[in-house]
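Residues per chain, in single letters:
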Amino acid sequence: MTSALNPKYSFDTFVVGAANRLAVTAGRTVAENPGAAYNPLFIYSGSGLGKTHLLMAVGHAAKKAAPALNIEYLTLDEYVEAFHAAIAAGQGDAFRRRFQNVDVLLVDDVQFLTNRKEMQSELLRLTEALQVGGHQIVLTSDRPPPEIADLDERLISRLSGGLVVDIGAPDYETRVAILRRKAEERGAKFEPGVLETVAGAESGNVRELMGALNRLVAFQAVNDRSINAETAKQLLGIGSEGADGGKAAAREGAGPGARGPGDEFGDFLADVTVTLGKAVEAWRARVGEAVLRWEGEGYRTRRLEALLERDTPSAVDEVIASFTQDVERLKELEAEVAELDPQAAGQSVFRDPERLGEAEEVATKVRDGAAPPPGPSAAFPLAAYAVGPSNEVAVGAARAVLKQPGKKYNPLVLVGKSGLGKTHLLNAIGLELARGKRAVVACLSTQAFVDELIAAIDGDRVDWWRARYRRATALLLDDIHLIAGKERTQEELFNLFNLLQDKERQLVFTAPAQPHALPGLEERIASRLAGGLVAEITEPDREVKRSVLERLLGQQNASPDPALVDYLADRPAESVRGLVGELQRVVGAAAAQDGPLTAGLAREVLEGQAPRDSRRSAGFRTSGIVVSSLGGIKSREKIVWDWSDVADRVIEEFR
Amino acid sequence: MSLVNFTTREITCKIVYYGPGRSGKTSNLHYIYGRVPDSRRGRLVSLATQTDRTLFFDFLPIDLGQISGFSTRFQLYTVPGQVYYNATRRLVLQGADGVVFVGDSQARQLDENLESLQNLQSNLLEHGVDIRTIPLVLQYNKQDLPRELILSAADLDDALNFRGVPSFSADALHGKGVFETLKGISELVLKKLAAGTAA
């Protein structure tokens, strides 16, 4: 964006003459003490008299004097281009900051500010900021500030406020000196009188002088002979006086507008000019500033721009205020939507205050439509959870959690072997928590959690996935040990964990063992799990078993046989699930026999005693082994998986 | 009428010189006319009777040229001061951006001044304009007359300037205070423009 300083353009290579001595002195002073003297320094001259050279020379000298200085050289067009690019990228503020931190700003060709109101106010702002910060600004133009057409009065006064110097056309001696210097630089030698002839040709422009020199150098090189003064004259078409004499340095010195005859009217005019200037410009500046500011932040500013086109701009400040209010609302909506669905937040409606209504609709849609994370299963109500000494710690903790979610035990980790009812309790907590107002309870198995993340990564929707869980008021993960070895999920869970815990949202996990005993779990996760309450659920006690049996039998038929319940509850069972399995076998057997559910039947089924009136005819013999048909076929899988102890298995196998 | 036209970038200010008969409204315009360069002024339209009394109104357009990118024009009007020309006064007053009330400093004219001021208020009200919101300045003309005949500016302020608007002493015939008054009203009119609200 910024042009590099051309190393050839330094003070050393700048030929000083009467016409440019003041400008060079001012430039040197500024380079030695940036920001201290003559700020801004405004150099103007006709084309080809060394403005750019001098400007870069200031840059070089300043850099040489203080290498740490941040020096920027650029033409106005580059500045405008950069500004527009920054605005387009929504980086208007960054752009401003960038230039406000420049120690020496060198801007070339500012005459192109004509008809660029917004750049004028931007440059005005920048100049003010730089001056306030004690930074140097040097500008060049082909005419003095008041003569730049259509230039904001404030900018004129600002630019003229430092030192305005011009570079005049070089005099004859200077022209000769320049030609000698340049010829030397090119290693070209001329016969005496040649350069003087060129210099004598009334050229007011150093660039044209260089052009003439170039032609001589080229001619000499091609023809391999040195030219004399006469040839040079012919070559350059000098001699016929006035051929292009008046062309150069035709700068009209248009003075300030002549004052009218009546001084009183002149005073009046000046007075009105000042008042009107203040009035109109203040008004325009306010709108312009608002446009720039919001455009810089990437918002559409049609409403404000329309203000400039209206005949009677009424209530400008109110319009700006309401516009600002709308933008603030858009910001709020965008932030809200960003949390729910980052992709939806990128929509252009959030950048256009004229479409605030649409933006509200989008936000509502996102608010309603954001897929909530999976919730707890309704199959596990807390009321159905059997409580006994073996799990009363866990249940007590669960109740405490329900009383004060996120505050008392966070996280709560339910630990126990498989089949002890951890999942039930987890879902039951989830169901209870979900009753709360505006509660979003994420309750799912760790495996599902991992699968969702993988799908999100696959669909490039990780942000959406994260947002979904960040909304949750509680996160309940079943079988957290399944996260072992899944690095990315652990990472995500870690962040989510911290976020939710910070916001005092409840976290509940289940695991088969104490967190630190779980293999493949990162230390940071394990320690966080252990940091809450780890409640253990042990093998079901008689009380738990009884209530489970009563509930299950109650579902089967109205009056469970107390003897049966006693029998089953007294049998050792490692887990509730095992107990349920046994019961199912008994129920299956009863169903096969079309008989009642009794303790006797249970004993027969579970301990291998032949039922009294089993239908032997249904059985058959093979190799002397009797295969019971008492539901054995029916629930083959159950039998295979649910043998609760070795004794049962042996009996079955050897039957 | 629109004071500022941002599309054509024009500003037109209509300023009406109001006051009782023979208070010196037309003198103000004549003096201004004499001080504005030819290129800047239009024709001073004056419809006067044989005895130099304003019959309808005077009209002086002044072109101030480009100011802040706006081509700026002032239109100065006077109203006939005589009581019986009220319809004309009301007509001229229509769409005024600012009013200069030219009062006659002669002590015996005080009642006329007050009457004219009340007339101004009611005529403005006919156009739906509150005198408290329109830019208004007072000019106490004929301050060059012998002391015993006139009221001082301070006295006139007490009597007429109960709204506390800017007031100027003047001798319109010789030009004293004329441009001060014009500056004063222009400033008020243009400042109103600054507020972004057109009258």
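A brief report on the enclosed structure follows. It should be emphasised that the depicted structure is a prediction, and the values quoted were computed from it without experimental measurement.

Reading the values: rules and limits
Residues numbered from 1 in each chain as written. Chains lettered and ligands numbered in written order. Predicted model: local features only at pLDDT ≥ 70, side-chain atom pairs only at ≥ 80, totals over all residues. Helix = DSSP H or I, 4+ residues; strand = E, 2+ residues; numbered from the N terminus. Contact = placed C-beta atoms within 7 Å. Buried ≥ 20, exposed ≤ 12 C-beta atoms within 10 Å, placed from the backbone. Axes fitted to C-alpha atoms, helices over the stretch in contact; angles between N-to-C directions. Expected span 1.5 Å × (residues − 1). Arc of directions from axis to C-beta. Pairing = 2+ DSSP bridges.

**A short note on the overall build of chain A**
Move 1: For chain A, the helix and strand inventory stands at 27 helices and 12 strands.
Move 2: Pairs at least 24 residues apart make up 75% of the contacts formed inside chain A by residues separated by at least 6 positions.

**Re the overall build of chain B**
Move 1: Across its full length, chain B holds five helices and eight strands.
Move 2: Counting all 199 residues of chain B, 48% fall into the buried class.
Move 3: Taking contacts inside chain B between residues at least 6 apart in sequence as the whole, the part at least 24 apart equals 69%.

**Side note on the packing of helix α18 (residues 446-458) of chain A against helix α19 (residues 462-470) of chain A**
Move 1: In contact at an axis separation of 7 Å, α18(A) and α19(A) are set at 145° when each is read in the N-to-C sense. Across from Glu452(A), Leu453(A), Ala456(A) and Ile457(A) in α18(A), the residues of α19(A) making contact are Val462(A), Trp464(A) and Trp465(A).

**Section: helix α16 (residues 392-403) of chain A**
All names here are of chain A.
Move 1: Here α16 contains 12 residues, and its C-alpha end-to-end distance of 16 Å stays within 8% of the 16 Å for a straight helix at 1.5 Å per residue.
Move 2: Buried within α16 we find Ala 394, Val 395, Ala 397, Ala 398 and Val 401. Seen end-on, α16 carries its buried residues on one side only, within an arc spanning 160°.
Move 3: Buried residues belonging to α16 abut β6 (412-416), α17 (422-434), β9 (506-511) and β10 (533-537).

**Let's talk about the sheet that holds β9(A)**
Strand pairing within a sheet occurs via backbone hydrogen bonds; the two strands may be parallel or antiparallel.
Residue and element names in this part refer to chain A.
Move 1: Strand order in this open sheet of five strands is β7-β8-β9-β6-β10, and the pairing throughout is parallel. Each having just a single partner strand, β7 (441-445) and β10 make up the two edges of the open sheet. The mean angle between the axes of side-by-side strands here comes to 15°, regardless of whether they run parallel or antiparallel.
Move 2: By the bridge criterion, four bridges tie β6 to β9 in an arrangement that is parallel. Paired with Leu 414 across the strands is Thr 510, a residue of β9.

**Comments concerning unusual backbone geometry**
Move 1: Here the amide bond leading from Asn39(A) into Pro40(A) is cis, since omega sits at 0°, within 30 degrees of zero.
Move 2: Along the chain, Pro40(A) turns up in the loop between α1 (21-32) and β1 (41-45).
Move 3: The amide bond that connects Asn410(A) to the next residue, Pro411(A), takes the cis arrangement and shows omega of 5°.
Move 4: For Pro411(A), the position within the fold is in the loop between α16 and β6.
Move 5: Located in the positive-phi region is Glu504(A), a residue other than glycine, with phi close to 55°.
Move 6: Relative to the helices and strands, Glu504(A) is located in the loop between α20 (487-502) and β9.
Move 7: Classification of Glu504(A) as exposed rests on a count of 12 C-beta atoms within 10 Å.
Move 8: The phi dihedral of Arg22(B) falls on the positive side, at around 65°, and the residue is not glycine.
Move 9: Structurally, Arg22(B) can be placed in the loop between β2 (10-18) and α1 (25-35).

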